[in-house]
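One letter stands for each residue in the lines below.
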Amino acid sequence: MSLLVSTTVDPGRFHSFGPHHIDELGSRYGLSADNVQAIRTISQVLPFRVNEYVLSHLVDWDRIPDDPIFRLVFPQRGMLAADDERRLGELLRAGDRKELRAQVARIRAGLNPHPSGQQQHNVPTLDGVELPGMQHKYRETVLYFPQQGQTCHAYCTYCFRWAQFVGDADLRFAAPGPEQLVSYLHRHPAVTDVLVTGGDPMIMSTERLRSHLEPLLRVDTVRTIRIGTKSVAYWPYRFVSDSDADDLLRLFEQIVATGRTVAVMAHFSHPRELATEVAGRAIARIRATGAVVYCQAPLIRYVNDDPRVWTEMWRAELAVGAVPYYLFVERDTGPRDYFQVPLTRAADIFRTAYQQLPGLARTVRGPVMSATPGKVLVDGVERTPHGDFFQLRLIQARDPRLVGRPFRARWSPAAAWLSDLELDPAAPADILAAVGPSAARTEATVTA
C-alpha cells in the first residue's frame, strides 16, 4: 500500500481542508476530473472536511476511488439522487447562487437531518422551557452538545449528525454552557451518565473542555462522563503532541480521581485507523489516566461491509486495551441509500466476524438500530415452518421496562431499518405499542 506523506505540511500540526480546497487536493493527489466534480457538487449538500493526518496516513491513494477511507471522508457520486446531483451541477456551472442555495436547502430537508425523532422526542425541558443543546432519551443518560464542540477534525460522509455542520441554526443542537445542564441533572437524580458529544468535544481546547466538564462534578449522582469522539482515529495528536495534550490527560486524571468513570467513546470505522503508531500512543496515554476506551461504529457499505474487516478491527481494539462495544446499523439519514446494508446481511456479517473473536473481544453487540423507541438488537434469523423471522431485542429503551425482552419480526431480504419490518402480532402488547406498526408509522413520519 502506498500512503503519500506530505513534505509541505507537518502532519503533527493540525491543518484542515474544506470545499474551497477541492481543486488543490485534486491536483495534489491526481484525482480525475469526474472525482473532483462529484466532490465539489455533493459537498454543496453534505459537509466536507479532511485534514493532513487523514490524507497522509489513512487514505491509500493507489486505490481511489475504491479505497474505504477515501469513501469515508470524500463525497462520492451516488450519495445524492442522480437528478439532484445533475441539477446542482448545472447551477454550479451557471453560477446561480440563489437557486443553488434553494435547491441545497430542499435536498437537505429531504435527507432526514434529525433521525429517530431527536427534535420531537428527545429535547428535555426545565420548568416548561426546552433546553438547547441537550437530549434525554434514556433514563440514565443525557446527551450534551457544547456549542464550541460542534465540528470535527474531519467529517465522515455517512455521519448521522451531518446537520450539525451545515451552518443552519435550526438544525443544530448546541448549548452555550453547562449551567442549564447542571440544573437539569440536580432535578433528575436517575441520570448517572452524561455523554458529551457533537460534533466532537475534542475539537475544543482543554481549557474550554474543562469549563464544560468540571461543573458536572458538582452533581453527585453523575458517575460517568462519556466523551464521544472520532479524534483518536482522525487526529490522535490531540492526546499526544498538541500544545495542551498533557493538560487534557491531567483533566481526565482529575475526574477519575473523584471516583467517576471517564469513558472515551472512540469511533473507529476501519482497522486502518488503528494501525498508525500515533493512534496506538494516543490510546495508551488515554488509558494511563484511568479512563476507559470503548469502540463503536456503524456498518457501512463500501467501507467495512466485510466480516474480515470487523474481526481485524475488534482484535486490534482488544490488543491496545480498548473495549469493542457496538456495531450499529447505518441510520436513516443523509446518504443512507448509498451506505445502507440490509439487516439480514448485517446479521450475517456480525455473526461471521464474532465467531472469529477471542472471548475477551466478545463484549461487542450488534447489529444495533438506534431507532425511535430505543436500541434494537438484531440477534439473528429464525427459520420456522410458518416463515422466517428476525429475532430482535431492545437493549436500551425510552421505557426501561422493555429492555432485554425478545420479540420478532417477519424476515425480509430488503429490510434495512426498523420501519421496514412487520412485527409478529403475537408480540407482547407493550412491545407492539412501542415498536409495532403505529410506532413504525410515527418513525416513518418523523424521518420523511
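This one's a predicted model, so the numbers in the text were calculated from it and none came from an experiment.

Asker: Describe in detail the overall build of the chain, supporting the description with residues and values.
Answerer: Secondary structure summary: the chain contains 17 helices and 15 strands in total. Referenced to the eigenvectors of the C-alpha coordinate spread, the extents of the chain come out at roughly 60 × 55 × 50 Å. Within the chain, buried positions represent 57% of all 448 residues. The long-range fraction of contacts in the chain, counting pairs at least 24 apart against all pairs at least 6 apart in sequence, stands at 73%. Entry remark: accessible area of the chain is about 18,200 Å², with carbon and sulfur atoms responsible for 49%. Distance between charge centroids for the chain: 2 Å, based on 51 positive and 50 negative side chains.

Asker: I'd like to hear about unusual backbone geometry, residue by residue, with values.
Answerer: At the junction of isoleucine 64 and proline 65, the peptide bond is cis and its omega measures out at 5 degrees in the coordinates. Checked against the element boundaries, proline 65 lands in the loop between helix 3 (52–58) and helix 4 (68–73). Following glycine 366, the chain continues to proline 367 via a peptide bond in cis, the omega torsion being -15 degrees. Here proline 367 shows up in strand 12 (residues 365–370).

Asker: Got a sec to walk through the pairing of strand 5 (residues 134–138)? Specific residues and values, please.
Answerer: Most of strand 5 sits inside the fold, with 5 of its 5 residues counted as buried. Where strand 5 meets strand 6 (residues 141–144), 3 bridges bridge the pair, whose relative direction is antiparallel. The residue of strand 6 that forms the bridge with methionine 134 is tyrosine 144. What sits between strand 5 and strand 6 in their antiparallel hairpin is a turn of 2 residues.

Asker: Describe the domain arrangement of the chain, naming the residues involved and giving the relevant values.
Answerer: When the parts of a complex come together, some accessible area is lost, and that lost area is often used as the size of the interface. The domain boundaries assigned to the chain delineate domain 1 (16–110) and domain 2 (118–328). Placing a centre on the C-alpha atoms of domain 1 and another on those of domain 2 gives a separation of 27 Å. Summing the contributions of domain 1 and of domain 2, the shared interface buries around 2,100 Å²; its carbon and sulfur component is 63%. For domain 1, the biggest contributors to the area lost against domain 2 are Arg49, Tyr53 and Leu72; these three give 35% of the whole. Here domain 1 is connected to domain 2 by 1 salt bridge.

Asker: Account for the side chain of threonine 276, naming residues and giving values.
Answerer: With respect to the helices and strands, the residue threonine 276 is situated in the loop between strand 9 (261–267) and helix 12 (277–288). A distance of 2.6 Å separates the side chain of threonine 276 from the side chain of tyrosine 53, its partner in a polar contact. When near neighbours in sequence (up to four residues on either side) are disregarded, threonine 276 contacts Tyr53, His57 and Leu58.

Asker: Which residues make up the environment of phenylalanine 350, and what values go with them?
Answerer: One can find phenylalanine 350 in helix 15 (residues 343–355). Taking the C-alpha atoms as reference points, phenylalanine 350 and tyrosine 144, 206 residues apart in sequence, are found 30 Å from one another. Sequence-distant contacts of phenylalanine 350, defined by excluding residues within four places in its chain, comprise Trp314, Leu327, Val364, Arg365, Gly366 and Pro367.

Asker: Mind laying out the packing of helix 2 (residues 33–42) against helix 5 (residues 82–94), listing which residues take part and the relevant values?
Answerer: When two helices pack together, their arrangement is given by the angle between the helix axes and by the axis-to-axis distance. For the pair helix 2 and helix 5, interaxial distance at closest approach is 9 Å and the crossing angle is 95 degrees. By the criterion of interaxial angle, the relationship of helix 2 to helix 5 is roughly perpendicular. Contacts between helix 2 and helix 5 involve Gln37, Arg40, Thr41 and Ile42 from the first element and Glu85, Leu88, Gly89, Leu92 and Arg93 from the second. Residue composition of the contact of helix 2 with helix 5, grouped by class: 3 nonpolar, 3 polar and 3 charged.

Asker: Describe the packing of helix 13 (residues 307–319) against helix 15, naming the residues involved and giving the relevant values.
Answerer: Packing of helix 13 against helix 15 brings their axes to within 8 Å, and their N-to-C directions diverge by 45 degrees. In terms of orientation, helix 13 and helix 15 fall into the oblique class. Classified by chirality, the crossing of helix 15 by helix 13 is right-handed. Only Ile349, Phe350, Thr352, Ala353 and Tyr354 of helix 15 make contact with helix 13, whose side of the interface consists of Pro307, Trp310, Thr311 and Trp314. Tallied by class, residues from the contact of helix 13 with helix 15 come to 7 nonpolar, 2 polar and no charged.

Asker: Can you tell me about helix 11 (residues 245–257), naming the residues and giving the values?
Answerer: For helix 11, which comprises 13 residues, the first-to-last C-alpha distance of 19 Å matches the rise-based estimate of 18 Å (1.5 Å per residue) to within 8%. Buried residues in helix 11 make contact with helix 9 (206–213), strand 8 (224–229), strand 9 and helix 12. Two residues or fewer after helix 11 comes glycine 259, characterised by a positive phi angle close to 95 degrees.

Asker: I'd like a description of the confidence of the model for the chain, backed by residues and values.
Answerer: Across the chain, the average pLDDT comes to 91, with 92% of residues at or above 70. Taken as a whole, residues 1–10 scores under 50 in pLDDT and shows 20 contacts with residues more than four places along the chain or in a different chain. Low pLDDT (under 50) marks residues 441–448, which in the prediction has 16 contacts with non-local residues, meaning those over four places away or in another chain.

Asker: Just give me the short version of the sheet that holds strand 8, but keep the residues and values in it.
Answerer: Strand order across the open sheet formed by 11 strands is 5-6-7-8-9-10-11-12-13-14-15, with mixed pairing between neighbours. Two strands lie at the open edges of the sheet, namely strand 5 and strand 15 (406–410), each paired on one side alone. Sheet twist, expressed as the average angle between the axes of neighbouring strands with direction ignored, equals 30 degrees. Where strand 7 (residues 193–196) and strand 8 come together, 4 bridges link them in parallel fashion. Pairing of valine 196 across the sheet is with isoleucine 227, part of strand 8. Across the face of the sheet, helix 11 comes into contact with strand 8 and strand 9 while running at roughly 135 degrees to strand 9.

Conventions used here
- Residues numbered from 1 in each chain as written.
- Predicted model: local features only at pLDDT ≥ 70, side-chain atom pairs only at ≥ 80, totals over all residues.
- Heavy atoms only, no water.
- Helix = DSSP H or I, 4+ residues; strand = E, 2+ residues; numbered from the N terminus.
- Buried < 20%, exposed > 50% of the residue type's maximum accessible area, 1.4 Å probe, protein only.
- Contact = heavy atoms within 4.5 Å.
- Areas by Shrake-Rupley, 256 points an atom, 1.4 Å probe, with all protein chains shown as cover.
- Lys, Arg positive; Asp, Glu negative; His and termini not counted.
- Charge placed at Lys NZ, Arg CZ, Asp CG, Glu CD.
- Pairing = 2+ DSSP bridges.
- Domains from an automatic or database assignment.
- Buried area = accessible area lost by both parts, 1.4 Å probe.
- Salt bridge = Lys/Arg side-chain N within 4 Å of Asp/Glu carboxyl O.
- Polar contact = N/O pair within 3.5 Å; in protein donor to acceptor, adjacent residues only side chain to side chain.
- Axes fitted to C-alpha atoms, helices over the stretch in contact; angles between N-to-C directions.
- Parallel < 35°, antiparallel > 145°, perpendicular 65-115°, else oblique.
- Nonpolar A, V, L, I, M, F, W, Y, C, P; charged D, E, K, R; others polar.
- Left-handed = near helix turned anticlockwise from the far one by under 90°.
- Expected span 1.5 Å × (residues − 1).
- pLDDT = per-residue confidence, 0-100.

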